[in-house]
Amino acid sequence: MARVYLVLALLAVTFWVYSIVDCALQPPTRHRGVSKPVWILIVVFLPVVGGVLWFAIGRSRGRQGAAMFRAPDDDPEFLGSIGVMTDQEDRIRRLEQELAALDSEGDDTTGGPAAEPDADADGTPGPRGTHS
């Protein structure tokens, strides 16, 4: 019989600790009835009963989070960001054109394509300005 009490006490302590942690980690907007600090005090000072009250009354259900989900075509923030994405794409295109223009200016100042070192007949590079 003592083993049964030991197991029940272990389960009660585990439930009590889980209730405290759950109550403390929930954002204040998900507490119903009283404020978050009061719920934590209730759960701490009424170990099992406080935990049962917390899960039955104090903790709001996950329905609020599910109601906030919207498909992308129904979400005004997403629809508004589509225009921003095209603005970013236009900016990227402009920057690429500017970089291409800068690259072409760099090629013009060297006097044409980059000069390669002279190569011998066998393909190995030789000293510059000497031909075999």
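A short tour of the structure in this document, coming up. For clarity, every value in this text was computed on a predicted model and none was experimentally measured. (Residues numbered from 1 in each chain as written. Predicted model: local features only at pLDDT ≥ 70, side-chain atom pairs only at ≥ 80, totals over all residues. Heavy atoms only, no water.)

A few points about the packing of helix α2 (residues 36-45) against helix α3 (residues 47-58)
Where we set the bar: Angles shown run from 0 to 180 degrees and are taken between the N-to-C directions of axes, each axis being a line fitted to C-alpha atoms and, for helices, limited to the stretch in contact. Secondary structure counts use DSSP, requiring at least four H or I residues in a row for a helix and at least two E residues in a row for a strand, with both numbered from the N terminus. If an angle is under 35 degrees, it is roughly parallel; if it is over 145, roughly antiparallel; if it lies from 65 to 115, roughly perpendicular; otherwise it is oblique. By definition, residues are in contact when any of their heavy atoms lie within 4.5 Å. Residues are sorted three ways: Asp, Glu, Lys and Arg are charged, Ala, Val, Leu, Ile, Met, Phe, Trp, Tyr, Cys and Pro are nonpolar, and all the rest, Gly among them, are polar.
Taken N-terminus to C-terminus, the directions of α2 and α3 make an angle of 140°; their axes are 5 Å apart at the nearest point. Classified by the angle between their axes, α2 and α3 sit oblique to one another. Contacts between α2 and α3 involve Trp-39, Ile-42, Val-43, Val-44 and Phe-45 from the first element and Pro-47, Gly-50, Gly-51, Leu-53, Trp-54, Ile-57 and Gly-58 from the second. Residues that form the contact of α2 with α3 fall into these classes: 9 nonpolar, 3 polar and no charged.

Here's the deal with the pattern of salt bridges
A side chain with one charge can pair with a side chain of the opposite charge if their charged atoms come near. Our working definition: Salt bridge criterion: a side-chain nitrogen from Lys or Arg within 4 Å of a carboxyl oxygen from Asp or Glu. Think of it in three bands: with a 1.4 Å probe and only protein chains considered, a residue is buried below 20% of the maximum accessible area for its type, exposed above 50%, and partly exposed in between.
In the structure shown here, the tally under the stated rule is 1 salt bridge. Asp-90 serves as the salt-bridge partner of Arg-93, at 2.7 Å between the closest nitrogen and oxygen. Residue Arg-93 and its partner Asp-90 are both found in helix α5 (residues 76-109); the two are separated by 3 residues, about one turn of the helix. Of the residues examined, Arg-93 reaches a relative accessible area of 45% and is grouped as partly exposed.

Brief notes about α3
What counts is decided by this rule: Directions drawn from the helix axis to the C-beta atoms are what define this arc.
Every buried residue belonging to α3 is among Gly-50, Gly-51, Trp-54 and Gly-58, and all of these are buried. End-on view of α3: buried residues confined to an arc of 100°, all on one side of the axis. Next to the buried residues of α3 lie α1 (2-25) and α2.

As for the packing of α1 against α3
Quick reminder of the rule: For any pair of crossing helices, the crossing counts as left-handed if the nearer helix is rotated counterclockwise from the farther one by less than a right angle, and right-handed if it is rotated clockwise.
It is the contact of α1 with α3, at a shortest axis distance of 9 Å, that shows an interaxial angle of 45°. Judged by the inter-axis angle, α1 sits oblique to α3. Relative to α3, the crossing made by α1 is left-handed. On α3, the residues touching Ala-12, Phe-15, Trp-16, Tyr-18, Ser-19, Asp-22 and Cys-23 of α1 are Pro-47, Val-48, Gly-51, Val-52, Trp-54 and Phe-55. Classifying every residue of the contact of α1 with α3 gives 10 nonpolar, 2 polar and 1 charged.

Considering a nonpolar patch on the surface
Operational definition: Patch members must show over 30% relative accessible area and no salt bridge, and they are joined within 9 Å when carrying like charges or within 5 Å when they are nonpolar side chains of Val, Leu, Ile, Met, Phe, Trp or Tyr. The protein chains shown are the only cover counted for residues, whose accessible areas, like all others here, come from Shrake-Rupley with a 1.4 Å probe.
Nonpolar side chains collect at one region of the surface, where Met-1, Val-4, Tyr-5, Val-7, Leu-8 and Leu-11 lie side by side and expose about 660 Å² of accessible area between them. By the secondary structure assignment, Val-7 is in helix α1. By relative accessible area, Val-7 is classed as partly exposed at 48%.

Note that all results are geometric; they support no functional claim without further evidence.
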